[in-house]
Amino acid sequence: MTARVSDLDAHLGYWLRFVSNHVSQSFARRLQDRDVTVAEWVAMRRLFDEAGVAPSLLAERIGMTRGAITKLADRLIDKELVARRPDPQDGRAQILVLTARGRALVPELAALADDNDAEFFRSLTAQERRGLRRLLERLVDQNELKIVPVD
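Residues numbered from 1 in each chain as written. Predicted model: local features only at pLDDT ≥ 70, side-chain atom pairs only at ≥ 80, totals over all residues. Heavy atoms only, no water.

**Considerations on a nonpolar patch on the surface**
Link 1 in the chain: Side chains of Leu 16, Leu 132, Leu 136 and Leu 139 sit close together on the surface and give an oily, nonpolar patch of about 310 Å² of accessible area.
Link 2 in the chain: The element best represented in the nonpolar patch is helix α6 (residues 126–142), accounting for 3 residues.
Link 3 in the chain: Within the secondary structure layout, Leu 132 lies in helix α6.
Link 4 in the chain: The exposure class assigned to Leu 132 is partly exposed, which follows from its relative accessible area of 33%. (Patch = residues over 30% accessible without salt bridge, like charges linked within 9 Å, V, L, I, M, F, W, Y side chains within 5 Å. Areas by Shrake-Rupley, 256 points an atom, 1.4 Å probe, with all protein chains shown as cover. Salt bridge = Lys/Arg side-chain N within 4 Å of Asp/Glu carboxyl O. Helix = DSSP H or I, 4+ residues; strand = E, 2+ residues; numbered from the N terminus. Buried < 20%, exposed > 50% of the residue type's maximum accessible area, 1.4 Å probe, protein only.)

Printed below as a string of structure tokens:
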């Protein structure tokens, strides 16, 4: 007797990954023209709302290791989008801040993200998009997901 094996496309995870990969790859292509990766965009967007963030805190917020955030910060510093500054609370520590160039670029990149979402989810009504978001947020909460997708 052969065990029943469910079809691949019977799995919600398959469909989530299928859509997610295409949405992410499209966004990554849009960012290439600005010489920014998705991971760099995520870090820059987090920094945009703050006066400065310790690298360890930024790593925690976007689910990266300290080593990975150091490499990411170094790339952004080389591109003159981010700078390291002394922490005003603790002169021995450093914080990451957006440069003027980085701060000016974030709204442009956010517009690309908005356009990418609009393109991929255009067949859904506004109510369906809100519903999908609520469902995904509930899954994040229920499963206590902390790591922000950057790839």
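What follows picks up the thread again.
**Re the packing of aromatic side chains**
Link 1 in the chain: Under the defined criterion, the tally for this structure stands at 4 aromatic pairs.
Link 2 in the chain: Ring centres of Phe 27 and Trp 41 lie 6.1 Å apart, and the angle between their planes is 75 degrees; on these two criteria the pair is classed as edge-to-face. You can see Phe 27 sitting in helix α1 (residues 12–32) and its partner Trp 41 sitting in helix α2 (residues 38–48), a full 14 residues away along the chain. Each member of the pair, Phe 27 as well as Trp 41, is classed as buried.
Link 3 in the chain: What links up through ring pairs into an aromatic cluster is the set Tyr 14, Trp 15 and Phe 18.
Link 4 in the chain: Over the aromatic face of Phe 48 sits the side chain of Arg 103, whose NZ or CZ is 4.8 Å from the ring centroid. (Phe/Tyr/Trp six-rings, centres within 6.5 Å; stacked < 30°, edge-to-face > 60°. Lys NZ or Arg CZ within 6 Å of the ring centre and 35° of its normal.)

**Some details on the confidence of the model for the chain**
Link 1 in the chain: Mean pLDDT over the chain stands at 93; residues scoring 70 or higher make up 97%.
Link 2 in the chain: Confidence, read as mean pLDDT per element, is least for strand β2 (residues 90–98) in the chain (91) and greatest for helix α5 (residues 100–120) (97). (pLDDT = per-residue confidence, 0-100.)

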